[in-house]
Structure formats: structure tokens, C-alpha cells
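Chain residues, written in single-letter form:
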Amino acid sequence: MLSNLPELDVPRDEYTQGKGVPKKRRHLTIPDHSELEVVRHFKGLGRANFSIDDTMYPLGSCTMKYNPKISEEVAGNSVFKNTHPYSEAGEELHARIVHGLQDFLVSLTGLPGVSLTPAAGAQGELSGVLIIREYQRQRGSSRQVMLIPDSAHGTNPASVAMAGLVPKTIKTGPEGRLRLADVLEVLDESVAGIMVTNPNTLGIFEHELPAIAEAVHEIGGLVYGDGANFNAIAGIIRPGDLGVDIMHINLHKTFGTPHGGGGPGAGPLCVTRELAPFLPGPVAVSQTVSHKSTVTELGNDSNDGREGSRQSFRFVMPERSVGRVRTFYGNFGITLRAYVYILVHGLNGIRRNSIQAVLNANYLRKRLQPTLSPAFGDECMHEFVCPNPLVTQGVHTIDIAKRMLDYGIHAPTVYFPLIVKEALMIEPTESESLAQLDALGEVLEKIVKEGLENAETLKRAPHNLPLGRLDELLANKKPVYRHRLGG
Ligand SMILES: Cc1ncc(COP(=O)(O)O)c(C=O)c1O
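Residues numbered from 1 in each chain as written. Predicted model: local features only at pLDDT ≥ 70, side-chain atom pairs only at ≥ 80, totals over all residues. Heavy atoms only, no water.

## A few points about the sheet that holds strand β6 (residues 246–249)
What the seven strands build is an open sheet, ordered β1-β7-β6-β5-β4-β2-β3; its pairing is mixed. The open sheet has two edge strands, β1 (113–115) and β3 (166–170), and neither has a second partner. The mean angle between the axes of side-by-side strands here comes to 20 degrees, regardless of whether they run parallel or antiparallel. One ladder, built from five bridges, connects strand β2 (residues 145–149) with β3; its direction is parallel. Bridging across to β3, Pro 149 finds its partner in Ile 170. With respect to the sheet, helix α9 (residues 209–218) is in contact with β4 (191–197) and β5 (222–227), its orientation differing from that of β5 by roughly 145 degrees. (Pairing = 2+ DSSP bridges. Helix = DSSP H or I, 4+ residues; strand = E, 2+ residues; numbered from the N terminus. Axes fitted to C-alpha atoms, helices over the stretch in contact; angles between N-to-C directions. Contact = heavy atoms within 4.5 Å.)

Here it is as C-alpha cells:
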């Protein structure tokens, strides 16, 4: 077997030279603990963590909604877990599920082409901008500019730059919305397209989007919809009807799949019929095949010889695809969970969830108004953004966020969007009860009062957790991933 391996292409060490385990590895001290100690250690670490199963997690735009256990149960079923994607039955089964989710997303977005392969929202964006570039190129155009509002998530300009196009910023209007007039001012023949998040990251609905889309289409550009906030409108509005040509959806935000610390994720891409041939692949297709009909009785198949037909499913690459962006056909485990989520709720249930998410956010917004005044508007969609009211006390948003941990609630998103200074971006989601919304309201009111009376309490928070303030810069620049023996 070993002789089949290719030649080693790195320098040989003592071990590969046949001298046994290298000296420095011979004296490792192996931790020696009983099973009970190990169990208690890990249970303790689990309790020190914050998760949506333990506490409220009102992260704006990140949408930490409940991940239903039924989705986990189905994903853990051996039928799915043990089916290899290379087996014929495996491909058919997986394609059937992928096709099922594709179909639901078509219904919800009004966009008839779907690829589930991108592994995150940001990868959906990159794939979408590659499609825009390719579409323009095939029309003989070398347009480079993608217009992006200044409220956009950082991944928007990053995806544009990665795809080789040039981001150009448009200022948000005084009501927290993108204005047609501002778009018209920069719209010319250099514009390949525009990227708009709707509702935007301030939690405000972009109601001028249809007029903006019409203007962009008129000069030959395309409209990219960042669907990260789709959970506010799913089942109510189809982005395709607003003039959106391409859109990604973050499955974890709208369909309650796990977030998973940078992956596994899924950012399906939905496009118009005209753009479907450019989609990253493979995508699932179905066809009707005729066969001799099979009657199944108590698990025994018997062929009665009559002609019949059935739907068969398989994967294909779209003919002018921008290529593969991930192995196989995306994160199948996540696709499956999202599919189960939609089956359990039904399309009406998805609509109810969106309405509830908007209602919950508006309730909390109204309740908090005297304490935390939102940066824009009198109402919101699924989230709202407030500037830190304690800046004059020398209290930073991070101090408020850390103090919330003392009260057992995870902080909202902080310092985003960038156009609101020291921002707190709050998204309660539809998962939370009225009592829990009030509990969050009380905590925030208490913290603001504390800040006004004694700012130091906040500046030195958290007080009740196993660890205090971490050096976040150092943690990012020099992360320690390994347990160090003896210290
Ligand atoms: C508005 C918006 N766009 C894009 C993204 C990127 O999505 P992902 O984190 O799945 O790559 C996010 C992520 O939170 C977002 O909030």
C-alpha cells in the first residue's frame, strides 16, 4: 500500500527517516484524569458558554433565532447520514432534497433559478457578482462599477473587489433609506449593477427599490439583492417582484439552521430565468421517467407490468456556469435542515414568522425608545439600530455589551452598521416570547441607568463571568488554539 504513495515533497524528519518517535515528542506529559473529571470539565465549559439554547441572543443582522430540534433529528437520521453522494441512490436522494429546497426558494423569492452551492452569504455574493461580470462580458461590455449603499455589510464591497469589479459607495438618505435621486446622480454606462440589502442593515425597508431597479435596468445594469435580512419579508414580498435579478439567502437567518462559527453554512443564490445558465453548479433538476409500474405492499416490491411514470432527480452543471464554488452540491446537512424547517412551518408559517419578527422588533423598539433612541425612523422591520446613549459618560458600546453578559443575555451586534456611531443593532427574532422581550428591555434600561449613575461599573464589566475583559486584538492576531500542558 505504502509503496503506492507519491514521493515525500517536504524535508524528512527523524520519524520519516526511520529513527522512531523524535526525542522532543518522547517526553510529552499526557493529561491523566478520570472520566468523571473530564465530563465535569466539559459540562462546566458548556455552561460558561452563551448559546441560543441557553439565553436570548439579539444579534442584529446575524439573526440568532431558534434552531428547531426536529431539523437536527432528521439530519441525524441514518438514511441521510450514511448515504454516500457518489452512490446512485445517494445522488438521487440528495438531488430530490436539494430540488425540494430549490423549489421553495423559487416560490419565496420569485426568482426561478437557484443554486444551493455557495457555502455562506459572502460566497453567494461573490458568485452573484461573478455572474454580473460574466453577463456584462457576454454582452460585450466591460462595465466595472458596482454601486453599494454606505449602510451595507462589509462583505458587499469585499465580494465586488474579489470578483474584480469596483465598489462605489452611495450615501444613505436622512431617513435611513437609499434614495432614487442619489442613485440617478451616479448612474452611467460604467455601472455593471447595484447591491441593495432590503430591509437594509438599519432595519428599514427600501421602498424606492422598484424605481431604483427600473433605472438600473434602463442603463443595462443588474440588481443584486443581499438577502441576509430576508427573514423580515419571506412569505410577504418576493424580491423578484421588486426588480431584484440576483439574491443570496443566508439559510441560517431565515430558516433556522445552525450558524457554526464560520461554517458549515449555506448562502443559496437565486436568479432570474435569463441568468440561470450562469449559476454556480451543480444544481438539481427533475425529469419524468417512464417505467413499468411497481406496487409496494408491506415492503415487498412486485412489478405488475403496467406502464407508469415517476419523477427522477439528478445534478447538472448550468451550461454557462461561473463554475463550482464548493465541493459536491453545497452543505447538504444545512440544506436538509432548512428544507425540514420549511416543511414544518409551511409557506404560511414562514409568512407568520416574518410578521412576528417585525412585531417583536417594533414592540421592543417602542418600549426602549425613552432609553435607547433609534438612529432612524419611527418604525422598523425585524431589527433596529440605536446609537450608544452613554457616550458622554465615557462609556463605549463594548462596555454595554460586556455588562449584558453579567445579566445573562448575549449582547446585540455592536459597531455596525458603520454609519451609526457606537451602534447597538438589536434583533429579537420571532423566537422570543413577550416575557423575554420585556426581560431584555429591563436589562438594557437597568444598564443605561447604571451607566448614568456610575460609569465605572460598565467599564469594568463583566463582573460575574469566569473571565473578565479579554485582549481581543491579541486574541485575533495571536489566537491560541491548543491546550498548553502545565500552564
Ligand atoms: C447584511 C449582510 N450581508 C451579508 C452577510 C454575510 O453573510 P455570511 O456571514 O453568511 O457570509 C451578512 C452576515 O451577517 C449580513 O448581515
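There is more to say after this.
## Looking at the domain arrangement of the protein
Domain parsing of the protein yields domain 1 (71–277 + 326–341) and domain 2 (388–474). Inter-centroid distance (C-alpha atoms) of domain 1 to domain 2 is 31 Å. On the side of domain 2, seven residues touch domain 1, which itself brings nine residues to the contact. Carbon and sulfur atoms make up 63% of the area that domain 1 and domain 2 hide from each other, which totals about 570 Å². Put simply, domain 1 and domain 2 have zero salt bridges between them. Taken together, the connections running from domain 1 to domain 2 amount to one residue pair in polar contact (both at pLDDT 80 or more). Class assignment for the residues of the side of domain 1 that touches domain 2 results in three nonpolar, five polar and one charged. (Domains from an automatic or database assignment. Buried area = accessible area lost by both parts, 1.4 Å probe. Salt bridge = Lys/Arg side-chain N within 4 Å of Asp/Glu carboxyl O. Polar contact = N/O pair within 3.5 Å; in protein donor to acceptor, adjacent residues only side chain to side chain. Nonpolar A, V, L, I, M, F, W, Y, C, P; charged D, E, K, R; others polar.)

## Considering the nonpolar core
The biggest cluster of nonpolar side chains holds 55 residues, and the ones touching the most others in it are Ile 194 and Phe 255. Among the elements of the structure, α5 (88–109), β2, β4, α9, β6, β9 (300–316) and α11 (332–368) are those that each provide at least two residues to this core. Tallying contributions element by element places α11 first for this core, with nine residues. The next biggest cluster of nonpolar side chains, apart from the first, holds 25 residues, and it includes Met 404, Leu 424, Ile 447 and Ala 455. (Core = buried A, V, L, I, M, F, W, Y, C linked by side-chain atoms within 4.5 Å. Buried < 20%, exposed > 50% of the residue type's maximum accessible area, 1.4 Å probe, protein only.)

## Examining the state of the cysteines
Within this structure, the stated rule accounts for zero disulfides. This cysteine, Cys 380, is not joined by any disulfide, and Cys 386 carries the nearest cysteine sulfur, 9.2 Å off. (Disulfide = S-S within 2.5 Å.)

## Topic: the packing of aromatic side chains
Tallied over the entire structure, the rule returns seven aromatic pairs. Ring centres of Tyr 86 and Phe 328 lie 5.3 Å apart, and the angle between their planes is 50 degrees; this geometry places the pair in the tilted category. With Tyr 86 in the loop between α4 (78–81) and α5 and Phe 328 in the loop between β9 and α11, this residue pair connects regions lying 242 residues apart in the sequence. Note on Tyr 86: relative accessible area 68%, which makes it exposed. Seen from their ring centres, Tyr 329 and Phe 332 are 6.4 Å apart, and the 85 degrees between their planes marks the pair as edge-to-face. Judged by its relative accessible area of 7%, Tyr 329 falls in the buried class. Taken together through their ring pairs, the aromatic side chains of Phe 80, Tyr 86, Phe 315, Phe 328, Tyr 329 and Phe 332 make up a single cluster. (Phe/Tyr/Trp six-rings, centres within 6.5 Å; stacked < 30°, edge-to-face > 60°.)

## Observations concerning the pattern of salt bridges
Going through the model one piece at a time under the given rule, you end up with 18 salt bridges. The closest approach of N and O atoms between Asp 406 and Arg 403, which form a salt bridge, is 2.7 Å. Taken together, the residues span about one helical turn, with Asp 406 and Arg 403 both in helix α12 (residues 397–406) at a distance of three residues. Ionic pairing is found between Lys 449 and Glu 453, a salt bridge with its closest N-O pair at 3.5 Å. A residue pair is termed a helical-turn pair when its members lie 3 or 4 positions apart in one helix, as Lys 449 and Glu 453 do in helix α13 (residues 434–453) at four residues. By relative accessible area, which is 52% here, Lys 449 ends up exposed. One salt-bridge network, held together by shared partners, links Arg 367, Asp 438 and Glu 445.

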